Amino acid sequence: MADANGASGIPGQGFPYQASKEDPVKFLQSQEQMARELEIKVQTVKLMQEEIKFCYRKNGVNHYQACKEVTSKYMAYIRDPYFNWIKPAPSDE
């Protein structure tokens, strides 16, 4: 169930810039911004995965030690509780 601003309170739902549906221009802009931010997150994850693959192939059996920093950075990024949120993190408000 959404509140008056269109936010549902469920992670991954709602709008990052609370635009009312009565103003179609701002509503569309908020939808476009949401899509852009999601695409940036997806592409960032893909780049990190490619970096990990390259590191694994380069270091072979030593990848546990050599790629630990890269893998830790990737895991911290995707395990962030606000990674899949469309809404800004509470600290941003």
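Use the structure listed above.
Concerning the nonpolar core
Counting five residues, the largest nonpolar core consists of Val 45, Met 48, Ile 52, Val 70 and Tyr 74. Of all the secondary-structure elements, those providing two or more residues to this core are α1 (24-59) and α3 (68-79). With three residues, the top contributor of residues to this core is α1.

Some details on the pattern of salt bridges
For the structure shown, the criterion picks out one salt bridge. The salt bridge partner of Glu 50 is Lys 53, with a shortest N-O separation of 3.7 Å. You can see Glu 50 and its partner Lys 53 sitting in helix α1, three residues apart, about one turn around the helix. Among the residues examined, Lys 53 registers a relative accessible area of 41% and is labelled partly exposed.

Concerning α1
The terminal C-alpha atoms of α1, which comprises 36 residues, lie 53 Å apart, in line with the 52 Å expected from a rise of 1.5 Å per residue. Within α1 the residues assigned to the buried category are Ser 30, Met 34, Val 45, Met 48, Ile 52 and Cys 55. Tucked into the core, α1 has its buried residues touching α2 (63-66) and α3. The positive-phi residue at the C-terminal boundary of α1 is Gly 60, with phi of around 60°.

Topic: the side chain of His 63
Considering the arrangement of structural elements, one finds His 63 in helix α2. Residue class for His 63 comes out buried when judged on its relative accessible area of 17%. Residue contacts for His 63: discarding those within four places in its chain leaves Tyr 56 and Lys 68.

A few points about the state of the cysteines
This model, assessed by the stated rule, comprises one disulfide. Here Cys 55 connects covalently by a disulfide to Cys 67, the sulfurs 2.0 Å from one another. Measuring handedness by torsion sign, the sulfur bridge of Cys 55 and Cys 67 sits at about -105° and is left-handed. With a gap of 12 residues between them, Cys 55 in helix α1 and Cys 67 in the loop between α2 and α3 connect regions that are remote in the sequence. One exposure class covers both Cys 55 and Cys 67, and it is buried.

Scoring rules and cut-offs
- Residues numbered from 1 in each chain as written.
- Predicted model: local features only at pLDDT ≥ 70, side-chain atom pairs only at ≥ 80, totals over all residues.
- Heavy atoms only, no water.
- Core = buried A, V, L, I, M, F, W, Y, C linked by side-chain atoms within 4.5 Å.
- Buried < 20%, exposed > 50% of the residue type's maximum accessible area, 1.4 Å probe, protein only.
- Helix = DSSP H or I, 4+ residues; strand = E, 2+ residues; numbered from the N terminus.
- Salt bridge = Lys/Arg side-chain N within 4 Å of Asp/Glu carboxyl O.
- Expected span 1.5 Å × (residues − 1).
- Contact = heavy atoms within 4.5 Å.
- Disulfide = S-S within 2.5 Å.

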